[in-house]
Amino acid sequence: MKFGMGQAVPRVEDPRLLRGGGRYTDDINLPGQTRAYILRSPVAHARIVSVDTSAAETAPGVLAVLTGADWAADGHGGLPCLVSSLLPLERPDGTPMFDPDRPALLSDKVRFVGDYVAMVVAETHDQARDAAELIDVDYDELPAVTDPAAAIESGAPAVWDECPDNICFAREMGDKAAVDTAFADAAHVSKLDIHVSRVVQNPMEPRAALGEYNKFDERFTLWGGTQGPHDTRRFLAQQVFHVPERQIRVVANDMGGGFGLRGGIFPEQALVLWAARKVGRPVKWNGDRSEAFVSDDHGRDSRLTVELALNADNDFTGLRVTSKASLGAYLSLFGPFPTFGNMGSVIGVYKTPCAYVNVTAAFTNCVPIGPYRGAGRPESATMMEMVVDQAAKELGVDRVALRRQNIIPADAMPFQTGLVFNYDSGKFEENMDKAFAKADVDGFAARKADSESRGKLRGLGIANAIEQSAGLFDEGAEISFDPDGGATVKLGTHNHGQGHETVFKQLLADRLGLEFEQIRYVQGDTDQVPYGHGTFGSRSSGLGGGALAKAADKIIDKGKLIAAHHFETDAGDIEFDDGSFTVAGTDRTIDLTDVARMAHAPALQPPGMDGGLAAFATHKPTAPTFPNGTHVCEVEIDPDTGVMKIDRYVVVGDVGTVMNPMLLAGQIQGGVAQGIGQIICEEVVWADDGQLITGSFMDYCMPKADQIPMIEVESNPSPTPSNPLGIKGAGEAGAVGGMPCVMNAITDAIGKPVVMPATSEKLWRAIHG
């Protein structure tokens, strides 16, 4: 089949986007549209003594000035935290986790720089901004705390008066008694403290939202980038506005990057809808890059201690992890989840029989934390792979041999790990072999000697990464045919750079024999797409593709009934292949296009059959999937300057069935680049009083093109049985392996670990003591 599954088909979305056909939130303008501006807190922690809006209310062009008191008076709910409803988390004393209310605008207290104080609606953006500067807020400033470890120390400032120790919840996982025994009996214990820096997610397109209210239909419409339009509608309807879901429509068109950030619920989404109803006109808010630094959910931010126990034969016998993780000032929609939800990845691809994890999640006077590409998986992989290297160094053994000795063999599948996960498939050692060959690890010694001859340091980084993906919720897909044989496909997932439109068309080309030109792809509109949960956790190809495959099978089943009626035979005699229905053992054939026409002609339908040719299906995973792979890289460091170059990078990965190798490589490469960024340069830095020091690209360093090497990607698939297509997922795999691989290469080059990010200054200081 032309452009079928497994072929390297270029993205069909690209010509539209490259020629200016993208439709982003800022491209949408409605008649009578107004503009909104958010007044944000300039301090990290303070009581709001008073808010005087009188001057702003009389400023030119101003239509409304809204405050926390107005929000409370209208009886709206706070922004939800989904995790608290899915999983009963507890504080150390056994009481329920502290889940504070988060109104869209505040009236009593601000808890981070950028917190939401008031919103001005005016005819133009400049008028709204100028008026906001006229609002007089009297703050009673309080001490702030930004470090999660410091936040839980005795005497630390309380972010919430109702939670004086700042501990939102504590989570234990694994078998503590078995791990204690393993460590007591260990011949050797390796231990590492790892500071995982906080990062800003920084999608290319800043967040934006446009709200409209139809007073005759009593219905809201929200336009804005979101990874899950249906869930956004549900949370806004049920928990914020307390209205039936049918009274809210969410439209998510094109958006410039998601990374987990756009899977959350933000105050601006609720505020533009509320304001639109207040002023009787559409309200648009556009965030700029400075606002993104102080209002977008941040990622990572934890203080980790990992310990690995080994016996006299160098077998891994136990693993222990202690984590102090920041949640920021509030709980975002998925905020608690990255701190523990993917901690099972810390066991890695190894036979370690037991593990114990203790997570303490703390409130800090910082922007809330949310999922960021990997959502806890990269941190887990970094811990395991770094401590394995550390153990090899301390024992004086080869780190590759130590990994081989402890790796889970392919013939052990399915394998119940020592912490939560049950792997259904994987060829972990084979990944290593292929990656080492592709990266020419055998030639590393010669390259190291060459670097040394030029006065440079060279290090080899190795990381075996594995992650849990495609869990949480089901996903939906619908296929409907026109009488002329054209098909409209509606997916509950959201494509914002991954290439869903391309791979789902490839899937239908395989299943139904359709040409790309026959297929119209629809997403992101809750009025058009009947059901879905969205794109996150590397779930779209496996769950969305699984649902689409099931819907295609239903189309085939109905088509067989129509073809059988046409041929006056039994449906069991009809075979379907490459877009045609055939009576088995004969040359009597009819195309799917003709069957679609018959489905719309009552006279040609079997008696009692409903007209039309359409099908809807959902797919719910029987178990999560476990994408995995081996990353290998080399770095070269100039000891005189600390400047580092990543010389080569290879990934051999198992993402299950590969739908499109070209798009897969792009996904892996993008993830690796974000992992590299975290290791070499990205870090949010706060002043002692909670002021954000790294508040722009002048201060916050992003990886540049010349810092990212060509990343070679090779597949070594072992399909999963948990979905009809055998797909494991790929969206986050690059970031999961990227962080530990580069950090291990740096450690190998200079002989000791450094605190991320490993900037040139830190490397120079580490090299020179």
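Our structure's up above, just so we're on the same page.
Overview of the structure. Residue positions are given per chain, counting from 1 as you read along its sequence in written order. Predicted model: local features are reported for residues with pLDDT of at least 70 only, side-chain atom pairs are reported and counted for 80 or more only, and whole-chain, interface and lining totals are derived from all residues. Just so you know, side-chain values use all the structure's heavy atoms and leave hydrogens and water out.

Where helices and strands are cited, they refer to DSSP runs of H or I of at least four residues and of E of at least two residues respectively, numbered from the N terminus. Per the secondary structure count, the protein chain includes 21 helices and 28 strands. For the radius of gyration, the atom set is restricted to C-alpha positions; the globular benchmark scales as 2.2 Å times the number of residues to the power 0.38. Against the compact-globule benchmark of 27 Å for 769 residues, the protein chain has a radius of gyration of 28 Å, which places it among compact chains. Viewed in the frame of its principal axes, the protein chain has a C-alpha envelope of about 85 × 70 × 50 Å. Here the term buried applies to any residue with accessible area under 20% of the maximum for its type, exposed to any over 50%, and partly exposed to those in between, with areas from a 1.4 Å probe on protein chains only. Out of the 769 residues in the protein chain, the part that is buried amounts to 61%. Across the protein chain, the fraction of contacts at a sequence separation of at least 24, relative to all contacts at a separation of at least 6, is 81%. Of the roughly 27,800 Å² that the protein chain leaves accessible, carbon and sulfur atoms contribute 50%. Under the counting rule used here, the positive set is Lys and Arg, the negative set is Asp and Glu, and His together with the chain ends is not counted. The atoms used to mark charge sites are NZ of Lys, CZ of Arg, CG of Asp and CD of Glu. Distance from the positive charge centre (68 side chains) to the negative charge centre (103 side chains) of the protein chain: 1 Å. Whether two residues are in contact is decided by their heavy atoms, any of which lying within 4.5 Å being enough. Per-residue and other accessible areas were derived by the Shrake-Rupley procedure at a 1.4 Å probe size, with only the shown protein chains allowed to occlude residues.

Every axis corresponds to a line fitted to the C-alpha atoms, with the helix fit spanning only the stretch in contact, and the corresponding angles, defined between N-to-C directions, vary from 0 to 180 degrees. At a minimum axis distance of 8 Å, the contact between helix H12 (residues 377-395) and helix H20 (residues 733-750) shows a crossing angle of 30°. Our classification of the angle between H12 and H20 gives roughly parallel. For the element pair H12 and H20, the recorded crossing hand is right-handed. Between H12, through Arg377, Pro378, Ala381, Thr382, Glu385, Met386 and Asp389, and H20, the contact on the second element is made entirely by Ala735, Val736, Met739, Pro740, Met743, Asn744 and Thr747. Residue type decides the class: Asp, Glu, Lys and Arg count as charged, Ala, Val, Leu, Ile, Met, Phe, Trp, Tyr, Cys and Pro as nonpolar, and the leftover types, Gly among them, as polar. A breakdown of the residues in the contact of H12 with H20 according to their chemical character gives eight nonpolar, three polar and three charged. The cut-offs work like this: below 35 degrees is roughly parallel, past 145 is roughly antiparallel, 65 to 115 is roughly perpendicular, and the gaps in between are oblique. In this scheme, a crossing is called left-handed if the near helix is turned counterclockwise away from the far one by less than a right angle; it is called right-handed if the turn is clockwise.

Our working definition of a disulfide is a cysteine sulfur pair at a distance within 2.5 Å. Tallied over the entire structure, the rule returns zero disulfides. For cysteine 366, which is in no disulfide, the shortest distance to another cysteine sulfur is to cysteine 168 and amounts to 14 Å. Cysteine 366 gets classed as buried once you look at its relative accessible area, which sits at 0%.

By secondary structure assignment, the location of cysteine 741 is in helix H20. Between the C-alpha atom of cysteine 741 and that of aspartate 610, which follows or precedes it by 131 residues, the distance is 57 Å. Excluding residues that lie within four positions of it along the chain, cysteine 741 makes contacts with Gly461, Ile462, Ala463, His631, Val632, Cys633 and Tyr649.

The next subject is the sheet that holds strand S18 (residues 457-466). At least two bridges found by DSSP between two strands are what make those strands a pair. If you walk across this open sheet you meet the four strands as S18-S26-S27-S28, and the pairing is mixed. The outermost strands of the open sheet, each flanked by one partner alone, are S18 and strand S28 (711-715). Neighbour to neighbour, the strand axes of the sheet diverge by 10° on average, direction disregarded. Contacts between helix H14 (residues 428-439) and the sheet are confined to S18, strand S26 (628-637), strand S27 (644-654) and S28, with S26 contributing the most and set at about 35° to the helix. The strands touched by helix H15 (residues 444-453) are S18, S26 and S27; relative to S18, the strand with the most contacts, the crossing angle is about 140°.

Quick look at the pairing of strand S21 (residues 519-522) now. Of the pairings in the sheet, the one linking strand S20 (residues 487-491) to S21 comprises four bridges and is parallel in character. Paired with threonine 488 across the strands is arginine 520, a residue of S21. Crossover S20 to S21 through helix H16 (residues 500-512) is right-handed. Handedness rule for crossovers: strands pointing away from the viewer, path from the first strand over the helix to the second running clockwise, crossover right-handed.

Side-chain atoms within 4.5 Å link the members of a nonpolar core, which is a set of buried Ala, Val, Leu, Ile, Met, Phe, Trp, Tyr and Cys residues. Core analysis: the largest hydrophobic core is formed by 171 residues, its most contacted members being Phe241 and Tyr649. Looking at which element gives the most residues to this core, the answer is H20, with nine residues. For phenylalanine 241, the residues in contact, after removing those within four places along its chain, are His76, Phe220, Leu236, Ile248, Ala270, Leu273, Trp274 and Arg277. Grouped together as the second largest cluster of nonpolar side chains are 43 residues, Phe481, Val503, Ala549 and Ala615 included.

Look at H12 against helix H13 (residues 399-406): their axes get within 9 Å of each other, and the N-to-C directions meet at 115°. Considering only the axes of H12 and H13, their crossing is right-handed. On H13, the residues touching Glu385, Val388, Asp389, Ala391 and Ala392 of H12 are Arg399, Leu402 and Arg403. A class-by-class count of the residues in the contact of H12 with H13 yields four nonpolar, no polar and four charged.

The next point concerns the pairing of strand S15 (residues 355-363). Most of S15 sits inside the fold, with eight of its nine residues counted as buried. Both strand S7 (residues 167-174) and S15 contribute to a ladder of seven bridges, which runs antiparallel. Opposite phenylalanine 169, over in S15, you have alanine 361 as the bridge partner. Looking at chain direction, strand S14 (residues 316-328) and S15 are connected through nine bridges and run parallel. Looking across to S15, one finds that lysine 324 is bridged to threonine 360.

This brings us to the sheet that holds S15. Read from one edge of the open sheet, five strands run S7-S15-S14-S13-S8, paired in mixed fashion. One side of each edge strand has no neighbouring strand; the edge strands of this open sheet are S7 and strand S8 (188-199). In this sheet, neighbouring strand axes are inclined to one another by 10° on average, regardless of whether the strands run parallel or antiparallel. Packing of H12 onto the sheet brings it into contact with S8, strand S13 (299-310) and S14, and relative to S8 it is tilted by some 145°.

The next subject is the pattern of salt bridges. Criterion for a salt bridge: a side-chain nitrogen of Lys or Arg within 4 Å of a carboxyl oxygen of Asp or Glu. Counted by the stated rule, this structure contains 54 salt bridges. Between aspartate 440 and arginine 447 there is a salt bridge, and its shortest N-O distance comes to 2.9 Å. We classify arginine 447 as buried; its relative accessible area is 15%. For arginine 648, the salt bridge identified is with aspartate 647, shortest N-O distance 3.7 Å.

Expected helix span is given by 1.5 Å per residue-to-residue step, counting one fewer step than there are residues. For H20, with 18 residues, the first-to-last C-alpha span of 27 Å sits near the 26 Å given by 1.5 Å per residue. Among the 18 residues that make up H20, 17 are buried, leaving the element largely enclosed by the rest of the structure.

Time to look at a negative patch on the surface. Distance thresholds for patches are 9 Å for like charges and 5 Å for nonpolar side chains (Val, Leu, Ile, Met, Phe, Trp, Tyr), applied to residues having over 30% relative accessible area and no salt bridge. There is a patch of like negative charges on the surface, built from Glu515, Glu517, Asp570, Asp573, Glu575, Asp577 and Asp578. For glutamate 517, the location among the structural elements is in the loop between H16 and S21.

Take the packing of aromatic side chains next. Two numbers describe a pair of aromatic rings. These are the distance of the centres and the angle of the planes. Think of it this way: a Phe, Tyr or Trp ring, Trp meaning its six-membered ring, pairs with another when their centres are within 6.5 Å, and the plane angle makes it stacked under 30 degrees, edge-to-face over 60, tilted otherwise. Across all of its chains, the model carries 23 aromatic pairs by this definition. Ring geometry for phenylalanine 421 and tyrosine 423: centres 6.5 Å apart, planes at 50°, overall tilted. Taken individually, phenylalanine 421 and tyrosine 423 each receive the classification buried, so the pair is uniform in this respect. When the ring centre of tryptophan 160 is taken as reference, the NZ or CZ atom of arginine 111 above it lies at 3.4 Å. Two limits define a charge over a ring: the Lys NZ or Arg CZ must be within 6 Å of the ring centre, and within 35 degrees of the ring normal. Residue placement shows arginine 207 over the ring face of phenylalanine 266; its charged tip is 4.0 Å from the ring centre.

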